[in-house]
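# Architecture at a glance
Below are the chains, spelled out letter by letter.
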Amino acid sequence: MKKPLIGMLAALLTAGATALAGAPAATAAPAGTAAVPAAATAVNAATAATAAAPVGSEPAQAGKLAAVTFAGTVALSNCSGSLVRFPASTANDPALVLSNGHCLETGMPGPGQVVVNQASSRTFTLLNASGGSAGTLRATKLVYGTMTDTDVSIYQLNTTYAAIQSGYGIAPLTVAATHPVQGTSIRVVSGYWKRIYSCSADGFAYRLKEADWTFKDSLRYTSGCNVIGGTSGSPVVDATSGQVVAVNNTINESGQRCTLNNPCEVDQNGTVTVRRGIGYAQETYLIPACFSTGNRLDLTKAGCTLPRP
């Protein structure tokens, strides 16, 4: 969980990269996803070899993999994200963008801090299926942001899903309302680096502790998703349904225990496990239950368990 991209410049120079196209200043890089510096060669849209068509809201047939591409993902100034809808969202609802709490333009929220309905004019580069820019989206407010129990930010845009579909030909990704399943094939789709990581859901960490923050029931990746700084906020897509099941946020970079950029797992008995080089994401199935008609946040709604201010 890097402070947006700390350490990435040196890693890119070491890897022989020639540019940090669109990258923020070193102090702006996202927490958590900045892992494995050597993977800086991720700046290559050709890594989308597994992609062929945009992720839509329609689930794939059982047993078949969806064609996961960059369509519907976004690039922030320092992180990745995605244009998302919930199962009950309608075409004329104000559109939403999902990313990490540690990617907020105001800095990383402290433990216990929850930000709701805060004015924002943040912009997002909307990507098409091949990773090219489809256009620019603008927020009107930060609907929700926190690093308590989870690591999530949700922005409301100044337009609707219907207008985005009409103007750019891009549909939102659907956030699944059910808990992800161990063993599921997943894709971590980074709009910032234009890279798609392929791996599986290895399991779930009861508690994931990183420096002062603690996340609950985090999704653990198998080793294929060796995410790096700038991938923070990437949607984690179920490769069968094509739906978002989590939001990428951190990786244990050097094997340290429970420090920044080195999260550790803590089980129900307090036993600590460190998994060097393994990345994690925060599940998103809890989020739809906290939104009502018109994509309106309602933290008092029955079934909503997201942290409140």
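Residues numbered from 1 in each chain as written. Predicted model: local features only at pLDDT ≥ 70, side-chain atom pairs only at ≥ 80, totals over all residues. Heavy atoms only, no water.

## Things to note about the pairing of strand β9 (residues 185-190)
Most of β9 is tucked away: five of the six residues are buried. By the bridge criterion, six bridges tie β9 to strand β10 (residues 195-210) in an arrangement that is antiparallel. If you follow S190 over to β10, its bridge partner there is R195. Between the end of β9 and the start of β10, which pair antiparallel, lie four residues, with K194 showing a positive phi angle near 55°. Examined bridge by bridge, β9 and strand β12 (residues 235-238) share three bridges and lie antiparallel to one another. Across the sheet, R187 pairs through a bridge with V237, a residue of β12. (Buried < 20%, exposed > 50% of the residue type's maximum accessible area, 1.4 Å probe, protein only. Helix = DSSP H or I, 4+ residues; strand = E, 2+ residues; numbered from the N terminus. Pairing = 2+ DSSP bridges.)

## Examining the nonpolar core
If you look at the biggest cluster of nonpolar residues, it comprises 46 residues, and the most contacted ones within it are F124, L157 and F291. For this core, the elements supplying multiple residues, two or more each, are β2 (80-85), β3 (94-99), β4 (114-119), β5 (123-127), β6 (133-146), β7 (152-160), α2 (161-168) and β13 (244-251). Tallying contributions element by element places β6 first for this core, with five residues. Setting aside anything within four residues of it in sequence, one finds L157 in contact with L83, P94, A95, V97, F124, L137, R138, A139, T140 and I164. (Core = buried A, V, L, I, M, F, W, Y, C linked by side-chain atoms within 4.5 Å. Contact = heavy atoms within 4.5 Å.)

## Re the state of the cysteines
For the structure shown, the criterion picks out four disulfides. Between the sulfur atoms of C199 and its disulfide partner C225 the distance amounts to 2.1 Å. Disulfide C199-C225: torsion about the S-S bond near -100°, hence left-handed. Taken together, the positions of C199 in strand β10 and C225 in the loop between β11 (213-221) and β12 put the pair 26 residues apart, joining distant regions of the chain. Taking the relative accessible area as the measure of exposure, C225 reaches 1% and is therefore buried. A sulfur-sulfur distance of 1.9 Å marks the disulfide that ties C258 to C264. Of note, the bridge from C258 to C264 carries an S-S torsion of about 100° and is right-handed in sense. Residue C258 is classed as buried on the basis of its relative accessible area, which comes to 15%. Within the chain, bonded cysteines paired by disulfides and numbered along the sequence follow the pattern 1-2, 3-4, 5-6, 7-8. (Disulfide = S-S within 2.5 Å.)

## Here we look at the environment of Y206
Structurally, the position occupied by Y206 is in strand β10. A residue is classified by how much of its surface remains accessible, and Y206, at 36% relative accessible area, is partly exposed. Between the alpha carbons of Y206 and K216 there is a distance of 5.9 Å; along the sequence they are 10 residues apart. Excluding its chain neighbours within four sequence positions, the residues that come into contact with Y206 are F215, K216, D217, V266, D267 and Q268.

## A closer look at the side chain of R122
One can find R122 in the loop between β4 and β5. In this structure the side chain of R122 is engaged in a polar contact, spanning 3.5 Å, whose partner is the side chain of E105. Apart from the residues lying within four places of it in its own chain, the contact partners of R122 are L76, S77, N78, C103, L104, E105, L137, R138, A139 and Y155. (Polar contact = N/O pair within 3.5 Å; in protein donor to acceptor, adjacent residues only side chain to side chain.)

## Re the packing of aromatic side chains
Summed over all chains, the structure comprises three aromatic pairs. Both rings, one in F86 and one in F291, keep their centres 4.7 Å apart while their planes meet at 40°; by these two values the pair is tilted. Of this pair, F86 sits in the loop between β2 and β3 while F291 sits in strand β17 (residues 291-292), and the two are 205 residues apart along the sequence. A relative accessible area of 4% places F86 in the buried class. Owing to a relative accessible area of 5%, F291 belongs among the buried residues under this scheme. (Phe/Tyr/Trp six-rings, centres within 6.5 Å; stacked < 30°, edge-to-face > 60°.)

## Some thoughts on unusual backbone geometry
One non-glycine residue, D149, lies in positive phi territory at about 70°. One can find D149 in the loop between β6 and β7. A positive phi angle is found at N295, which is not glycine, with a value near 55°. Summarising the element assignment, N295 is placed in the loop between β17 and β18 (296-297).

## Details of the pattern of salt bridges
Charged atoms that come close allow side chains of opposite charge to pair. Here the structure, examined in full by the defined rule, presents five salt bridges. A salt bridge links D202 to R220, with the nearest nitrogen and oxygen atoms 3.0 Å apart. In this pair, D202 sits in strand β10 while R220 sits in strand β11, placing the two residues 18 residues apart along the sequence. With its nearest N and O atoms 2.8 Å apart, the salt bridge here joins E265 to R275. With E265 in strand β14 (residues 264-266) and R275 in the loop between β15 (272-273) and β16 (279-283), this pair connects stretches of sequence that are 10 residues apart. Exposure remark for E265: the relative accessible area of 8% places this residue in the buried category. With a relative accessible area of 30%, R275 lands in the partly exposed category. Put simply, D202, R220, E265 and R275 are held in one network by salt bridges that share partners. (Salt bridge = Lys/Arg side-chain N within 4 Å of Asp/Glu carboxyl O.)

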